[in-house]
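Breakdown of the fold
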Amino acid sequence: MTYKKGVTPYLYFIPVIAFLIVFLGYPLIETFRLAFTHSTEPLGNFLRVTRTGEIWKALKYTLAISAIVVPAQLVLALALALFINMRFKGYLFLLYIISIPLALSDVSAALMSYSIFSPSGYINKILLNLGLTDTPIYFFGRGFESRAFWVIVITEIWRATPLVFVIILAGLQSVNKEYLEAADVFGFSRWTKLRKIILPILKPAMLSALLIRTLFAFQIFGVTWLLTGRDIPVLAGEAYYWQSIRFNSNVAASYGLVIAIVSIIISWIYLVVLRSKEVEGARA
Amino acid sequence: MAEVSIQEVKKYFGNVKALNGIDLKIEDGKFVVLLGPSGCGKTTLLRCMSGLEKVTEGKILFGEKDVTNYAPKDRNVSMVFQSYAVWPHMKVYDNIAYPMKIKKFDRQEIEKRTLDTAKLLGISELLDRYPVQLSGGQRQRVAVARAIVLEPAVLMMDEPLSNLDALLRVLMRSELKKLQERLGTTTVYVTHDQVEAMTMGDLIAVMREGVIQQYGKPEDIYHKPANKFIAGFIGSPQMNFIDVQIKRKEGKMCLVAPGVEVECTPEIAKKIESGKHDRLIMGIRPENIHHIAGKESTTIEGKVYFTERLGAETIVHLKVGDMRIISKIAGDEIFEEEKTMNMYVDTTKIRLFDPESERSILD
Amino acid sequence: MKKVLILLVSVVIAIWFLSPVVLIVISSLTPSGEYYNPSRILPRSLTLDHLRSLFVTLGGWRATLNSVQVAGMSIGISFLFGLPAAYALTRFVFRGKNAIRLGILLTRSFPVLIIGIPLLILYMRVNLSDTLLGVALAHTSMVLPFVVLISSSIIGGVSVEYEEAGMIFGLSRFASFMRITMPLVLPGLAASAIFAFIMSWNEVFVAAILTVGNRTLPAHILNAAMNAPDYFKFAAGTIMAVPAMIFIFFTRKYLMSLWGISLK
């Protein structure tokens, strides 16, 4: 590495920083401005969606989905990672299969769910053919929100678990084998090894996965919009609705602002926790 | 071929003073070793000489030319890196030929030089292989070949032997030195290994915390170290350091400590007088502490704490008062632990250091 | 006994992850008659009709091309801006380096979808709305930080001493980077480029907001295909999924090492 004084190194960053200022910084500020710009009162846009209760509904669903999906992903991903890490014959093949959803967009995942759960989808066809029902079971549509909710949950878990899996697997592999071998010599059971050695070492990776996934869970859009439209409203879905269908950028921006604020809070928590871990580590 | 002159060079990394005023003259054709512990600045100095780092202050001259602001490629220098840095995506032949290719030599010249250099380094059969197929020692030879093929003004080597196993290291020490003697290239060699420095260098510059502590021939550095640090850094086992008081006994000047009484030679006594010291640090190398009395000798009395029998020599650790003193004795001898021994010091070989400045008061 | 258990669990996992993909492909190839026939779970014959119609009549081909162009532009701009920054992050030591790196890292947690709304307004003023370039620029803000961080780690994986050796033996810093480091980092960069391509390819929210006529494939699905019969939806989903999976398949080894997973 070369130590550089003066202005030269910063020149290498000017394009990147300029770009991000224009395309991330400016929109962020604009989102604020748009959200609070109203013909009569500054909070007018928010009032519009709080009075009808729609924002609370969207918030509730977004939170509910995140609260179920994120922990489920963590647990499943951990289980998968532990399984794969046993390195049995052919594990590589299974590893690649698990990674398949990483290439998929939420749109594709939603459509896959649709092909399974739609009225003419595979589940209904199987049930009809087995004689377990006479008419198709509806998973989507008005009045079937609770079913649709669970389809969305399952789809999201299916789609995003591999993302967490990859992070955890990498963390798992960095666990020094000697710790585990020492545990064997001392007669630890499998379960104790997991609890006392593996999980503590995995904590940073899991924490980072947790925070990243929570961040993105709040931005859920494609799956809910494609499967249920506004029947299951979520923050991003409402933003899209108000922008592209109602052509009201101000209300749309208000939703955007809510998402932005939640993201900032989560990132801030992440930084604080990370910083305190560094301090902890330094002290130790 | 060039004489290298380093004038008042300073290199700061932010607040860290890696080089804090270096003045060094390297004569044409000499093999100079930069020796010191990690962090002393030796690698930084080498990198400044090569142009990979820019100096904060000072000048570097090759012969008459001021190269201080030249890029590495314009300095006509060459380097063997610690990790060899042999380009992995090129065959050995191409690695050696590349410097010439860059300078647009013609094809025949390139071929001739590459083959000759490969022969010199004993790697002619490896020319068609890729670095990943070679052992560490072979890769090192490729790095050296690449470095000498253009006959640089200054050849630089950054701890080239530290990644080799012990046996190979011993072999390569002599090979590298012989190669340099044959080529006559001015060479600057960085190492933390004092054995390498002593066996290979024409001159050694001992560095510590960004300054050169002493610059001289290996034997001068060994027998006349300028300060306690250098005295302790060179020589294995390490020189013994004893805090002594100065006492007069029957007209003779003596250096005393619990269990130790050493009579000074007249020359040394004179130095002590003129300096008006009453306390000093005495340094005496293990090989100059004997268990059989010689002509000029005075005593250290202690109990045997531990012996290391190495076959060709025996290292005896003695407990003298609260101190541990080490003696190196030729041959394979057995000493029982806890046995009291009287050791005899060769007083002509004593070194004396001022307790505060740690500088040698002799020479 | 243990082996049987492992096999069983593996099969379950494989089915769980593979079946939705396989099923949608089958659905996209199912003739409409069979699809609506309740007594047929799996089709007796397969057809390419849906895929063909999607491409031809429903604007699928156009949308796919748009997606390719947008993704291509995004990675082009990202690498153009990002590589120098990545190089500086890896090879230089300077004040504020950690702050810059942290800043770029933080932008990865930025909810990129919210930029869609203000950008649309900005674009309308500068005539960029409903253009592929506009979407590409928006996507770049998502891809650029990724490229900087990934390239930085890839370049960092190639020892600086190779470059320095090049500089000693007659190359300038830039020439040394191009002739010595580049060939060594190219495979890794190519794999990350593919992953970045897929990031843009899959992005739906911003693309949908910023375009009306020039839609990318996912935006198009959101709009037009939703009103089309089911089998077109599946055809669209297949077209979105299959190329991405093929790309990932070919670069799987690099991606694994990118994520820090060793494949011993």
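Residues numbered from 1 in each chain as written. Chains lettered and ligands numbered in written order. Predicted model: local features only at pLDDT ≥ 70, side-chain atom pairs only at ≥ 80, totals over all residues.

Side note on the overall build of chain C
Of regular secondary structure, chain C possesses 13 helices and one strand. If you line up chain C on its principal axes, its C-alpha atoms span 75 × 65 × 30 Å. Residue pairs in contact within chain C that sit at least 24 positions apart in sequence constitute 74% of those at least 6 positions apart. (Helix = DSSP H or I, 4+ residues; strand = E, 2+ residues; numbered from the N terminus. Contact = placed C-beta atoms within 7 Å.)

What to know about the overall build of chain B
Looking only at helices and strands, chain B has nine helices and 20 strands in total. Principal-axis analysis of the C-alpha atoms places the extent of chain B at approximately 80 × 45 × 35 Å. Across chain B, every contact between residues at least 6 apart in sequence was considered, and the portion connecting residues at least 24 apart equals 65%.

Quick look at the sheet that holds strand β2 (residues 16–26) of chain B
Residues and elements named next belong to chain B. Sheet architecture is open: four strands sit in the order β2-β1-β4-β5, paired in antiparallel fashion. At either end of the open sheet lies a strand with only one pairing partner, and these are β2 and β5 (65–66). Relative to strand β4 (residues 57–62), strand β1 (residues 4–13) runs antiparallel, the two being bridged by five bridges. Across the sheet, Ile6 pairs through a bridge with Ile60, a residue of β4. Those strands touched by helix α1 (residues 42–50) are β1, β2 and β4, and its axis lies near 65° from that of β2. (Pairing = 2+ DSSP bridges. Axes fitted to C-alpha atoms, helices over the stretch in contact; angles between N-to-C directions.)

Details of the interface of chain C and chain B
Contacts between chain C and chain B engage 14 residues on the former and 18 residues on the latter. Looking at the side of chain C that touches chain B, the elements with two or more residues in it are α8 (160–168) and α9 (173–202) of chain C. Per-element tally for the side of chain C that touches chain B: the top contributor is α8 of chain C, with six residues. By residue class, the composition of the side of chain C that touches chain B is nine nonpolar, three polar and two charged. (Nonpolar A, V, L, I, M, F, W, Y, C, P; charged D, E, K, R; others polar.)

Points about the sheet that holds strand β7 (residues 154–158) of chain B
Residues and elements named next belong to chain B. Spatial ordering of the open sheet is given by β6-β7-β8-β3-β9-β10, a layout of six strands whose pairing is mixed. With one partner strand each, in any of the chains shown, β6 (77–80) and β10 (211–216) form the two edges of the open sheet. Each adjacent strand pair in this sheet contributes to an overall mean axis angle of 20°, direction not counted. Relative to β7, β6 runs parallel, the two sharing four bridges. Bridging across to β7, Val77 finds its partner in Val154.

Some remarks on the domain arrangement of chain B
Residues and elements named next belong to chain B. Assigned domains of chain B: these are domain 1 (4–233) and domain 2 (240–353). For domain 1 versus domain 2, the separation of C-alpha centres amounts to 39 Å. Taken together, the contacts link five residues of domain 1 with five residues of domain 2. (Domains from an automatic or database assignment.)

Some thoughts on the interface of chain A and chain C
Counting residues at the interface gives 70 residues for chain A, matched by 73 residues for chain C. When residues of the side of chain A that touches chain C are assigned to their parent elements, the largest contribution, 10 residues, is made by helix α2 (residues 14–36) of chain A. Bridging between strand β1 (residues 2–3) of chain A and strand β1 (residues 92–93) of chain C involves two bridges; their strand directions are parallel. Bridge assignment links Tyr3 of chain A to a residue of β1 of chain C, and that residue is Val93 of chain C.

Some remarks on the domain arrangement of chain C
Residues and elements named next belong to chain C. If you check the domain split of chain C, you get domain 1 (1–47) and domain 2 (59–258). The C-alpha centroid of domain 2 is placed 33 Å from the C-alpha centroid of domain 1. Listed as interface residues are eight residues of domain 1 and, on the opposing side, eight residues of domain 2. Elements with a contribution of two residues or more to the side of domain 1 that touches domain 2: α1 (2–28) and α2 (32–36). At five residues, α1 tops the list of elements feeding residues into the side of domain 1 that touches domain 2. The class makeup of the residues in the side of domain 1 that touches domain 2 is four nonpolar, four polar and no charged.

Observations regarding the packing of α2 of chain A against helix α4 (residues 60–91) of chain C
Two numbers describe how α2 of chain A lies on α4 of chain C: the axes approach to 7 Å, and their chain directions differ by 125°. Classified by the interaxial angle, the pair formed by α2 of chain A and α4 of chain C is oblique. Across the interface between the two elements, Pro15, Val16 and Phe19 of chain A from α2 of chain A touch Phe81, Gly82 and Ala85 of chain C from α4 of chain C. Looking at the contact of α2 of chain A with α4 of chain C residue by residue, the classes come out as five nonpolar, one polar and no charged. (Parallel < 35°, antiparallel > 145°, perpendicular 65-115°, else oblique.)

Observations concerning the nonpolar core
Most often, soluble globular proteins have nonpolar side chains that are buried together. Formed by 154 residues in total, the largest nonpolar core has its most connected members in Ile168 and Ala236 of chain A together with Val206 of chain C. Residue contributions to this core peak at 14 residues, all from helix α7 (residues 132–157) of chain C. Structurally, this core is a two-domain feature, drawing no fewer than three residues from each of domain 1 (1–47) and domain 2 (59–258) of chain C. In this structure Val206 of chain C touches Val112, Leu113, Ile115, Gly116, Val135 and Ala138 of chain C, once residues within four positions along its chain are discounted. Among the nonpolar cores identified, the runner-up in size contains 101 residues, and Val9, Leu34, Tyr98 and Met239 of chain B belong to it. (Core = buried A, V, L, I, M, F, W, Y, C linked by C-beta atoms within 7 Å. Buried ≥ 20, exposed ≤ 12 C-beta atoms within 10 Å, placed from the backbone.)

Details of helix α8 (residues 145–173) of chain A
Residues spaced three or four apart along an α-helix point in a common direction, a consequence of the helix completing one turn every 3.6 residues. Between the first and last C-alpha of α8 of chain A there are 41 Å, a value that for 29 residues agrees with the 42 Å anticipated at 1.5 Å per step. The principal kink in α8 of chain A, of about 35°, is found at Ala160 of chain A, preceding the proline Pro162 of chain A by one to four residues. (Expected span 1.5 Å × (residues − 1). Bend = angle between axes of the 7 residues up to and from the residue.)

Examining α8 of chain C
Residues Glu163, Glu164, Ala165, Gly166, Met167 and Ile168 of chain C constitute the buried set of α8 of chain C. Buried residues along α8 of chain C sit in contact with α1 and β6 of chain B together with α9 of chain C. Positive backbone phi, at 125°, marks Gly170 of chain C, one or two positions downstream of α8 of chain C.

Quick notes on the pairing of strand β17 (residues 313–320) of chain B
All names here are of chain B. Pairing of β17 with strand β18 (residues 323–330) involves eight bridges; the strand directions are antiparallel. Its bridge partner being in β18, Val320 is matched across the sheet by Met323. Linking β17 back to β18 in an antiparallel pair, the connection comprises two residues, with Gly321 at a positive phi of about 60°.

With respect to unusual backbone geometry
Residue and element names in this part refer to chain B. Cis geometry is adopted by the peptide bond preceding Pro237, which originates at Ser236 and carries an omega value of 0°. Within the element layout of this structure, Pro237 appears in the loop between α8 (228–233) and β11 (240–249). Positive phi, normally seen in glycine, also occurs at Glu151, with a value near 50°. With respect to the helices and strands, the residue Glu151 is situated in the loop between α4 (136–148) and β7. Among the residues examined, Glu151 registers 14 C-beta atoms within 10 Å and is labelled partly exposed.

Section: the packing of helix α3 (residues 107–121) of chain B against α4 of chain B
Residue and element names in this part refer to chain B. Orientation of α3 relative to α4, taken along the N-to-C sense of each, is 135°, at an axis distance of 9 Å. With respect to their mutual orientation, α3 and α4 come out oblique. In this structure, the crossing between α3 and α4 has a hand that is right-handed. Only Arg141, Val144, Ala145 and Ile148 of α4 make contact with α3, whose side of the interface consists of Thr117, Ala118 and Leu121. Looking at the contact of α3 with α4 residue by residue, the class counts come to five nonpolar, one polar and one charged. (Left-handed = near helix turned anticlockwise from the far one by under 90°.)

A few points about the environment of Thr216 of chain C
Residues and elements named next belong to chain C. Tracing the chain through its elements places Thr216 in the loop between α10 (205–210) and α11 (217–223). Spatially, the C-alpha atom of Thr216 lies 33 Å from that of Ile13, the residues being 203 residues apart in sequence. Residues within four places of Thr216 in sequence aside, it is in contact with Ala63, Asn66, Ser67, Val70, Val135 and Ala207.

Describing the environment of Phe165 of chain A
All names here are of chain A. Note on placement: Phe165 falls in helix α8. For Phe165 and Leu95, which are 70 residues apart along the polypeptide, the C-alpha to C-alpha distance reads 9.9 Å. Filtering out sequence-adjacent residues up to four positions away, Phe165 remains in contact with Ala77, Leu80, Ala81 and Ile98.

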